[in-house]
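# A look at the structure
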Amino acid sequence: MQDLWDALDAQAQSVKGRPLAALFADPARAPAFSVRAEGMLFDYSKTNIDADTRALLIRLTEAAGLAECREAMFTGARINETEGRAVLHTALRNPDGAVTVDGADVMPGVRETLARMRAFADEVRSGAYPGQGGAITDVVNIGIGGSDLGPAMAVLALAPYHDGPRVHFVSNVDGAHIADTLKGLNPETTLVIVASKTFTTIETMTNAATARAWMAERVQDPGDQFAALSSALDKTADFGIDPGRVFGFEDWVGGRYSMWGPIGLSLMIAIGPDRFDDFLAGGAAMDAHFRAAPPAENMPVLLALVGIWHAQVLGHATRAVLPYDQRLARLPAYLQQLEMESNGKGVTMDGTPPLRPTGPVVWGEPGTNGQHAFYQLIHQGTQVVPCEFMVAAQGHEPDLAHHHRLLLANALAQSKALMRGRSLDEAREIAADAGFTGAELERQARHRVFPGNRPSTTLIYPQLTPRILGQIIALYEHRVFVEGVILGINSYDQWGVELGKELAKSVEPLLSGDGVAADIDGSTAQLLGFVRSAQAG
């Protein structure tokens, strides 16, 4: 692998300073550096990747054994080696498939759980499962991390398809979150879904207990209006939830990959089981493309290789995800967890340090809002931020088609502006037209220069439908997998989230005065003292 990394470094030096716009002297540039799959177009032509670079990057996947690792994942091998688990979220969206783990077919259980979810969702939506004050009008999903970010993002994304109860999400242990969410809801017509595989997640269970107490003020048996997304039947029973309203999933489904199954129950209730099936079908279609398409025509592979080129070869430390779709407002946050929790690792599978930096910082906001916030840094800042635009060819509001035309125009113009930039001579002409002369013209012109050569990709799709959303999420899941294989890291554990949670258990008693300060540093002691003083008035 090292020789390929060295070759890529040499390639980066050879193309350094080459204007991106110059690449388009070749009229075939755009189609040659784009790929189509399942009705979507991924255009990476506005990057400095050329045919030689792409060939080296593809050789990187071959050296890393990507094809073999991919097949191992899809067929149930325990590729999450540090936890000894298979990685089979793909099975959740392909219920007609066949997958075995340790010789046991896991698909009957997947199909049974999906059927139970469908039946329950239909009962909630039709009123056959009512609250103790009438038909369910509101659903509150309580979870955190993967038990919240995925369904919260998807419910917002598919708002045009909502025809069920209103769906709300609570994740933060900050009491303000649950207080603001429950305010105005009717306990007698609210269903609460508690999403925690072990039913021990401290933030989730604290919020669940608060929701139960809120409901008990008006409802005779609050447990009757709770459902659980958990595999801990003993704990859900202790909470008062009937086993018929408990939907479990196996340890081969990681939290941030879990909305294809029971964690997606809130989405299924919002849009209905049939549209949820369309969402699953979109993910399965991207799976099939990922498994079958050769690397140079494989959308997840190419998305990953663009990321590797920018982060691990060129050293760009961040990437911006910029959906020009207001309903994808939560997608950047979702991808922050998907990518940074998966590939934010400092050790390879064999326990040695990685050869290259691992996952970049992922961030973003929807356009056009971001244009009036952080695009200044993207266009003229001193660090290069590769941008990933995404936009639908058409919206869901035909009466507001002029809005969507403006949205599309901005999305396409921003990627062009990042690539093209504005030269000093062009800036001088603008300053002269504004009436500036002499030294002031020169000063003003330099403020109007855009360096350009800022790379971006664009993912464009016909319309944001349940199927298309499924394709997009699966695309990014596989991108994470490919990058992890190339970097030699385990994308499916998350030990980095544990230490802070462990220490919080020892700090919390000190806040209430019940604990003894032992091994507390001076900063933490000072902060504790401030809290006690403030609370004492």
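Relevant structure appears above.
Residues numbered from 1 in each chain as written. Predicted model: local features only at pLDDT ≥ 70, side-chain atom pairs only at ≥ 80, totals over all residues. Heavy atoms only, no water.

## A word on the pairing of strand β11 (residues 387–392)
Counting buried residues in β11 gives six out of six residues, a clear majority hidden from the surface. Burial of β11 is two-sided: the residues Cys387, Phe389 and Val391 facing one way and the residues Glu388, Met390 and Ala392 facing the other way are all buried. Direction of pairing for strand β9 (residues 318–324) relative to β11: parallel, over a ladder of five bridges. The residue bridging Pro323 from the neighbouring strand is Met390, located in β11. Where β11 and strand β12 (residues 456–461) come together, six bridges link them in parallel fashion. (Buried < 20%, exposed > 50% of the residue type's maximum accessible area, 1.4 Å probe, protein only. Helix = DSSP H or I, 4+ residues; strand = E, 2+ residues; numbered from the N terminus. Pairing = 2+ DSSP bridges.)

## A short note on the packing of aromatic side chains
Per the stated rule, a full pass over the model turns up 14 aromatic pairs. Plain terms: the ring middles of Tyr324 and Phe389 are 5.9 Å apart, the flat faces sit at 45° to each other, and that makes the pair tilted. Of the two residues, Tyr324 sits in strand β9 while Phe389 sits in strand β11, which places them 65 residues apart along the sequence. Of the two residues, Tyr324 and Phe389, both sit in the buried class. (Phe/Tyr/Trp six-rings, centres within 6.5 Å; stacked < 30°, edge-to-face > 60°.)

## Considerations on the pairing of β12
The element β12 is extensively covered by neighbouring structure, given that five of its six residues are classed as buried. As paired elements, strand β2 (residues 40–43) and β12 share three bridges and run antiparallel to each other. By the bridge assignment for β12, Leu41 is matched with Ile460.

## What to know about the side chain of Ser171
Among the structural elements, Ser171 can be located in the loop between β6 (166–170) and α8 (175–182). A relative accessible area of 14% places Ser171 in the buried class. Contact partners of Ser171, with chain neighbours within four places excluded, come to Gly143, Ile144, Asp148, His177, Glu203 and Asn207. (Contact = heavy atoms within 4.5 Å.)

## Looking at the sheet that holds β6
Spatially, four strands are ordered β6-β5-β7-β8 in an open sheet, and the strand pairing comes out parallel. Single-partner strands in this sheet number two, and they are β6 and β8 (226–229). Recorded for the sheet is a direction-independent mean angle of 20° between the axes of neighbouring strands. Both strand β7 (residues 190–195) and β8 contribute to a ladder of four bridges, which runs parallel. (Axes fitted to C-alpha atoms, helices over the stretch in contact; angles between N-to-C directions.)

## With respect to the sheet that holds strand β10 (residues 361–363)
Taken in spatial order, the six strands of this open sheet run β1-β2-β12-β11-β9-β10, and their pairing is mixed. What marks the edges here is a single partner per strand, and that holds for β1 (34–37) and β10. Between one strand axis and the next, the sheet turns by 15° as a mean value, whatever way the strands run. Packed onto the sheet, helix α14 (residues 331–343) meets β9, β10 and β11 and runs at close to 165° relative to β10.

## As for the side chain of Ser258
For Ser258, the location among the structural elements is in the loop between α10 (233–238) and α11 (265–271). The exposure class assigned to Ser258 is buried, which follows from its relative accessible area of 3%. Setting aside residues no more than four positions away along its own chain, Ser258 makes contact with Gly146, Val253, Ile263 and Gly264.

## A few points about the pattern of salt bridges
Applying the stated rule across the entire model yields 30 salt bridges. Between Arg18 and Asp50 there is a salt bridge, and its shortest N-O distance comes to 3.1 Å. Taken as a pair, Arg18 in the loop between α1 (2–15) and α2 (29–32) and Asp50 in the loop between β2 and α3 (51–63) lie far apart in primary sequence, 32 residues in all. For Lys183, the salt bridge is made with Asp180, and the minimal N-O distance between the two is 4.0 Å. (Salt bridge = Lys/Arg side-chain N within 4 Å of Asp/Glu carboxyl O.)

## Some words on the nonpolar core
If you look at the biggest cluster of nonpolar residues, it comprises 110 residues, and the most contacted ones within it are Leu191 and Leu469. Broken down by element, the residue count for this core peaks at 13 residues, all from helix α19 (residues 466–487). Ignoring anything within four residues of it in the chain, the contact list for Leu191 reads Phe120, Val124, Tyr129, Ile136, Asp138, Val139, Val140, Gln225, Phe226, Ala227 and Ile269. Within the second largest apolar cluster, 21 residues are counted, among which are Met205, Trp214, Ala232 and Phe239. (Core = buried A, V, L, I, M, F, W, Y, C linked by side-chain atoms within 4.5 Å.)

## So, the environment of Leu418
Considering the arrangement of structural elements, one finds Leu418 in helix α16 (residues 401–420). Every residue in contact with Leu418, bar those within four places of it in the chain, is listed here: Ile378, His379, Cys387, Phe389, Gly452, Asn453, Arg454 and Ser456.

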